[in-house]
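A structural walkthrough
Listed below, chain by chain, are the residues.
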Amino acid sequence: MTREHLRGCTRLAGALLLAWLVPGRARAERPTEGGLWSYDPKDILATYDHPDAPLRVHYSIGGPSVVPLADLDGDGVPDYVARVADTAVAVLARYRDDYDLRAPRSEAEHGLGPLGGSEALDIYLVDFAGAADGHFAHDACDPDACAGHLLLENDFAGYAYADHLEAIDTVVSHELFHAVQAAYLVDPPVWFSEGTAVWAERAYRPDSRDFLRFCDAYLADTGRSLYRPPAGPVPAFAYGTALWWDFLIDRHGPDLVDALLLAAAAPDLPAALGDLLRARDDDLRLTWLEFAAWNLATGPRAGARDGHAFAAALTGIVAEQEGDSLADDDRFFPLAARYYRLDHSGGPLWFALAEPAPGLEFTLQAVAGGQSDGPVEPAALAWDGADPTPRLLAELPAGGYWLAVVNPVLADMSIPAHLCAAASRDALACADPAPEPMATTTDGPPPDTDAGDDLPPDTDACNGCRATSPAFAWLLVLLRRRRPRP
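Residues numbered from 1 in each chain as written. Predicted model: local features only at pLDDT ≥ 70, side-chain atom pairs only at ≥ 80, totals over all residues. Heavy atoms only, no water.

**Let's talk about the environment of Ala183**
Note that Ala183 resides in the loop between helix H3 (164–182) and helix H4 (190–204). The sequence separation of Ala183 and Ser106 amounts to 77 residues, and the corresponding C-alpha distance is 9.3 Å. The residues touching Ala183, leaving out its near neighbours within four places in the chain, are Arg102, Ala103, Pro104, Arg105, Ala145 and Cys146. (Helix = DSSP H or I, 4+ residues; strand = E, 2+ residues; numbered from the N terminus. Contact = heavy atoms within 4.5 Å.)

See the structure below:
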């Protein structure tokens, strides 16, 4: 993982800080006062007040936290410092003008007095020594919101950003979105706080590489519930939920961001999210099914169907299994999806479950042009897990196919399922053997040629699939009608 992924507010150092920062009762020490990232006594400190906004940058012109001192315009302020201040002002203007978001809380609103020498929003440029690159710290909180200050890496020396411009754009937009979040709520869940802050990086800079890298981290673990990131110091997965927030905001428009921040104050954010979508005539289940389909069409699988505007720039999902047949026995978690790739030689494709798995949704997508792998086409078949009976999905041309298994609803429990797919019924690893055909006699009635699992030779529809059920019909309409973003 590159160093720019290490956010001060969520890595080990940030976790130590937050362990003794109790919202509403304790104030984070500023670098001029001590704390984890304090200025060294050898630092020679200066400040810069932006001429067009109440924003002050604190920096060192000599010592361990010294900033790049180049001053090409000769105004007496290092260009690096001026760039930080200008970017912060532009970012806050973007959040205000394009998304109608609240401004960060001021020190005056919490009666703190002129911390940092004024009541302006303070940004401190400090040497993180590679341990982080930015941090938003609380100065004070009431039950509903917090005021605070920002810390930013003093020079980004040794970090993997392309240049100072990319580094400043990325970290300032990320940390300032935490400051905006704090104007709405005190302690959002990390999968929301970090995911939306990474989304904000792209909202400010559409070509954000940091956003893409974290989306890849999410796509590497799509079988995990959106709202249950791994335990411990905040992992890349929590940042990577930015992919979901970008999808959702693109679906509903910029005014959704304010609504999401208001909803995030609810004790049960996933449930509040479902309520929010219903209030907008949307459905979390159908939305998640479309999101799961878009996620498959990423990286080398992008280009043959609608999807994320940046789909081709992502690494893409990781197949749970690949081969000419599959068998998997596992648990499938809420708001999650898993993907399996089949190399099909042509002809029948069968599917079965060992037991019913109501709540799971299945789709089959062909690889375009009959290739083994590559861009995927829109889903041709969709069915649910209520009926475990072995079924002939279809007579299919040779080529690659992707099976998506999606749990698209909120629930307290995962769904266990033992699933399998193969070119013949007898090869289904999770199904009981096919029954022996009944013996016939010359004096009895002729056998029922339409009974059992054998279908007429011209049958090419999924036996028991719900491709035309109301929910999936709407889903497939949405998938075909949706247009990619410009």
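**Some remarks on the confidence of the model for the protein**
Close reading of the predicted structure is inappropriate where its pLDDT is low. Summary statistics for the protein give a mean pLDDT of 87 and a share of 84% for residues scoring 70 or more. Within the model, pLDDT remains below 50 along residues 440–486, and this stretch shows 71 contacts once partners closer than five positions in the same chain are excluded. (pLDDT = per-residue confidence, 0-100.)

**A look at the state of the cysteines**
Think of a disulfide as a covalent bridge from one cysteine sulfur atom to another cysteine sulfur atom. If you walk through the whole model with that rule in mind, you get two disulfides. Two residues share a disulfide in this structure: Cys141 and Cys146, whose sulfurs sit 1.9 Å from each other. The disulfide joining Cys141 to Cys146 has a torsion of about 105° about its S-S bond and is therefore right-handed. Through a disulfide, Cys420 is tied to Cys430; the S-S separation comes to 2.0 Å. Across the S-S bond of Cys420 and Cys430 the torsion is about -70°, and the bridge reads as left-handed. Of this pair, Cys420 sits in strand E14 (residues 415–422) while Cys430 sits in the loop between E14 and helix H11 (470–481), and the two are 10 residues apart along the sequence. Cys430 carries the same exposure label as Cys420, and that label is buried. (Disulfide = S-S within 2.5 Å. Buried < 20%, exposed > 50% of the residue type's maximum accessible area, 1.4 Å probe, protein only.)

**Comments concerning the pattern of salt bridges**
For the coordinates displayed, the defined rule picks out 25 salt bridges. The closest approach of N and O atoms between Asp282 and Arg251, which form a salt bridge, is 2.8 Å. Taken together, the residues Asp282 in the loop between helix H9 (269–279) and helix H10 (284–296) and Arg251 in helix H7 (residues 242–252) connect sequence positions 31 residues apart. Assessed through its relative accessible area of 12%, Asp282 is described here as buried. What makes Arg251 buried here is its relative accessible area of 18%. Asp343 serves as the salt-bridge partner of Arg341, at 2.6 Å between the closest nitrogen and oxygen. A relative accessible area of 10% places Arg341 in the buried class. (Salt bridge = Lys/Arg side-chain N within 4 Å of Asp/Glu carboxyl O.)

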